[in-house]
Every structure is written in structure tokens, then in C-alpha cells.
Amino acid sequence: MRSTGVSRNMESEAANYAGRPTSAPSQPPLKPRTPPRRPRKHHLSHENRLLLQALGSGAAAVVLALVLLWTGNHDSGTRWTLAFFIVVLWLGFAFALRGSVVRPLQTLANMQSALREGDFSFRVRGADRGDALGELMLEVNTLAAMLREQRLGALEAGALLTTVMTEIEVAVFAFDGERRLRLANRAGERLLAQNVERLLGKSAEELGLSECLEGESAHTLERSFPGQSGRWGMRRSVFRQGGKPHYLVVLADLSRALREEERQAWQRLVRVLGHELNNSLAPICSIAGSLEDIMRREVRAADWEDDLRRGLRVIADRSEALSRFMRDYSRLTKLPKPQLRPVDLRTLVKTAAGLETRKPIEITPGPDVTLNLDPDQLQQVLINLIRNAVDACLDGDGKVAVGWTRNGSWVNLYVTDDGPGIANPGNLFVPFFTTKPSGSGIGLVLSRQIAEAHGGTLTLKNRSQGKGCEATIQLPLTL
């Protein structure tokens, strides 16, 4: 058996995690740090049993040698000298055998104790492949290196998490099963206007956060806290620590984002209203001024009455267009809530397709599906999409197809055409934007609002294979 030892990094753990190379100076085997022993029966230890076995393996030969020595024709000095050397060699080899077995075990025990205490800088020296003990020592070294890398990763991840928790502008709170605060970040301290040392251990009721631990796990609330007031987006999740449930509450300030969205919405509204009002008021003002000039003249042209009638007709047309615009805008802002009831999707599609008389509609049958929806609203969406698809194909021989497929817990209802496709997809859902001479520009906007009111989505895109456009309504199977 070869001698083994333990090498320990003489630098600190901080130097190890800083990435500096470590040295492995040789040291004598350290005594294993044995854990407290439990009361047990008295018996020989492993090393003493090994020593007795080593002594017993050579005892017969030693006794035989001594008998032959004393019964032989030797003088007294020779007998005692040879007997001394025989006994010394016997005991020496026995203790050497004991040490060659015990020292590696002590080394491994010391290594295991260091790993248990979280010290991963120990390494076993002299471990080579080729024998069982060497393989064991190499595996222990590999385990120590792996644990060291894992602890380094955990430390780095913990440091990153601490930095994120400190710098993030979202208030984070953690409560235990008794609804007492166990963690709060810097944003949480600012929200409650107290240091975290004073906050920890208080109940959710004392902190004014009991509403966050009740009801839906994600909702919006409007509250005034000691440090700030406004509208908040709250999300709650459950995690376990020490086998017991804990609650993580995240509060995000929505006031700034909502104000920005409101400002952008007003800008879009003013831009659209201004455009439509200018389109109607500019010709009305111009024609009204011209008619006023005609009426002021003392000598009028022979056809002045025809000019007056034409001018008044233009004013009436533009006023009607402006009134129609306001009615359409009112439809966008007053969409009623859908009245849900079970509806067979196949019947709904056939009914909507049958209302189009300008071009035959091809229906691609899908699976039998019954959805909870408002049939009037969804049929209006299908009518709008089919009408747009037919308008795109009127100048050619393009086809219009309607079908549906099931994808897990969703149903995809699609309308495809072979028309020229979408030229300006960025303005598809802009209110009152239209490329049709007689279009209102609200059909797609209303259709998307109806789809979203049913918990679904509406998307339009150019077909990936072939020309034309594909409109897809995605609806949940259950509402």
C-alpha cells in the first residue's frame, strides 16, 4: 500500500472564489474530526481488530521460529539476539500493515468531515487510477470540486438575487404561514416608509397588506400606503421553506405606466378626431364663405341659385359624414358585454358564410366544437372578415375559405383569401383608417375588441404559402 495524505489550500476561501490558483503543500495526515459518539457496546475498534489479525497471521511462524531457535544448538547470546529481531520484525510488519490501512481511512474521514462542515478546499493527494483505493480518492476529490463549484454558483446567484432585489423598483414582500413579514426589499421599505428591521415580524394586518394575501392571486388595487399612493398591480405566489408554505407578494406601481398610456391614448384620439373634423369642417367653412359672398352681392349671376343648392348639398353631405363618424366612434366606446351561451361552431360558421352572396365561400370542416360565446357578436366578426376577404378577391378569381382547428384548449377559426395581401399591416387596427372608398375603418377594431372580450385574440397576416391574407380568431374552449 502506498502512503496517502491530505493537501489543504493555505489561502482563504475568498481567494479561491476570486479565481486565484491554489497550491497543495504536503502535510501529514490530519486526525479525523469524528462526530460525537453515541453510546454503544464495548468492542474492539477497527484498527485494533486489524492489528490483532496481522499479529495472528504471523504468530504461528514466529512461535515456530522461536521453538526451533531454542531447541537448536545455539549459544545463549545468539538465541536472544535472533529472538529479539524476530519479535521486532513481527510487530513492525503488523503495525505497518495497520498504518497502511488506517491512514487512508483517516484521510478520507477527515475529507468527509471537511465536506460536511462546508470546507471544500481539501484534496486527497497521491490518488491514482488503477486500484480501488485510488479510484475512491479520485471520486472524493471530484465530489469536493463539484460541491465547490455548486457553492460558488449559489453564492454568485445569491449575490445577483440580492442586487436585483435591492435595486428593483417593484416592492417585494415574503410572509410566513402565520402571515408575518419575513423579507422586504428596498422598494418595500420605501412603500411602507420604515426600515426593514422594524418591519420584520409584523403581521400583514399591521402593515396594511392583508388584502394582498386574500382573493385572487393577481389583480389591480388602488391603495394609499405610508410612502406612496396610486394604482398597484399585485401578484401573489406560494413557495415552501422548511417544509412550510410562505407567500411572496409583488406590488408594481401602475400609475406612471397608466398615465403614459392615457396620454398616448389622448394623443391618438385628438389626432384622429382632428383629422376627421378638419376633413369635414374645412370644406363646410369654405363653401359657407362662398355662399355668404354670393348672398351679399347686389347683382347676382343667373345661376346663383344652383350654386347655392350645390353648396348647401355639400354642407349637408359633410355634416352627415361627420355625424356618421361620431356614431361609429360611439360604437367603439360602447361595445356591450358579450352574453355567453353554448353555440355550435359549425352552425355559426355556415350561417355567417351563407350571408355573403357576391362570391361562394368555401367551408373547410373542422372538429365538432361547442363554445360558450355571444353568437351575435362573433357572427358579426365573421361577417366583417368574410366581407373583407371577398372585397380583396372581387377583381380576380381568388377564393375565400373559412375553417377551424383545435389546438389543445384553444380553437383557431380562420378566414383566408387569394387576394393581393396586406400592404400596410401597421395600420390594420388603427380606428377609422381604411383603404376602401366607402369603408368606415372600425370593422377590424370592433372585431378585435369582440375577440378579446371573449378571452381570445384576432390576428391578420399575409399567407406564408401563396398570395393572400389569413385572419385567425383564437378562442378558448372554456370561459
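Predicted model, so just to flag it, every value in this text is computed and none were measured.

What counts and what doesn't
- Residues numbered from 1 in each chain as written.
- Predicted model: local features only at pLDDT ≥ 70, side-chain atom pairs only at ≥ 80, totals over all residues.
- Heavy atoms only, no water.
- Pairing = 2+ DSSP bridges.
- Helix = DSSP H or I, 4+ residues; strand = E, 2+ residues; numbered from the N terminus.
- Axes fitted to C-alpha atoms, helices over the stretch in contact; angles between N-to-C directions.
- Contact = heavy atoms within 4.5 Å.
- Phe/Tyr/Trp six-rings, centres within 6.5 Å; stacked < 30°, edge-to-face > 60°.
- Buried < 20%, exposed > 50% of the residue type's maximum accessible area, 1.4 Å probe, protein only.
- Lys NZ or Arg CZ within 6 Å of the ring centre and 35° of its normal.
- Polar contact = N/O pair within 3.5 Å; in protein donor to acceptor, adjacent residues only side chain to side chain.
- Salt bridge = Lys/Arg side-chain N within 4 Å of Asp/Glu carboxyl O.
- Patch = residues over 30% accessible without salt bridge, like charges linked within 9 Å, V, L, I, M, F, W, Y side chains within 5 Å.
- Areas by Shrake-Rupley, 256 points an atom, 1.4 Å probe, with all protein chains shown as cover.

**A word on the sheet that holds strand S14 (residues 469-476)**
1) Next: Here five strands make up an open sheet; going across it, the order is S9-S11-S12-S14-S13 and the pairing mixed. Where the open sheet ends on each side, the last strands, each with one partner, are strand S9 (361-364) and strand S13 (457-462). Here the strands of the sheet are splayed against their neighbours by 20° on average, with no regard to which way each runs.
2) Next: In the packing of helix H11 (residues 375-393) onto the sheet, the strands contacted are S9, strand S11 (400-407), strand S12 (410-417), S13 and S14, and the crossing angle to S12 comes to about 25°.

**Examining the packing of aromatic side chains**
1) Next: Applying the stated criterion across every chain yields a total of three aromatic pairs.
2) Next: Here the aromatic rings of tryptophan 70 and tryptophan 80 are separated by 5.1 Å at their centres, their planes lie at 80°, and the arrangement is edge-to-face. Residue tryptophan 70 is located in helix H2 (residues 46-71), and its partner tryptophan 80 is located in helix H3 (residues 76-116); the two are separated by ten residues in the primary sequence.
3) Next: Its relative accessible area of 34% is what places tryptophan 70 among the partly exposed residues.
4) Next: Since its relative accessible area comes to 56%, tryptophan 80 is described here as exposed.
5) Next: Their ring planes at 70° and their centres at 5.8 Å tell us that phenylalanine 84 and phenylalanine 85 sit as a pair that is edge-to-face.
6) Next: Classification of phenylalanine 85 by relative accessible area gives partly exposed; the value is 49%.
7) Next: A cation over a ring is seen here: arginine 223 above phenylalanine 225, with NZ or CZ 5.0 Å from the ring centre.

**What about the environment of threonine 347?**
1) Next: Counting through the fold element by element, threonine 347 comes out in helix H10 (residues 345-354).
2) Next: For threonine 347 and threonine 370, which are 23 residues apart along the polypeptide, the C-alpha to C-alpha distance reads 9.9 Å.
3) Next: Side-chain polar atoms of threonine 347 contact the side chain of aspartate 344, separated by 2.9 Å.

**Regarding the pattern of salt bridges**
1) Next: Tallied over the full model, the rule gives 14 salt bridges.
2) Next: Among the ionic pairs, aspartate 307 bridges to arginine 310, the shortest N-O distance being 2.2 Å. Residue aspartate 307 and its partner arginine 310 are both found in helix H9 (residues 304-333); the two are separated by three residues, about one turn of the helix.
3) Next: When its relative accessible area of 43% is taken as the criterion, arginine 310 is described as partly exposed.

**Let's talk about a nonpolar patch on the surface**
1) Next: On the surface, Phe84, Phe85 and Val88 cluster together into a nonpolar patch covering about 310 Å² of accessible area.
2) Next: With respect to the secondary-structure elements, phenylalanine 84 resides in helix H3.

Nothing here speaks to function; it is all geometry.
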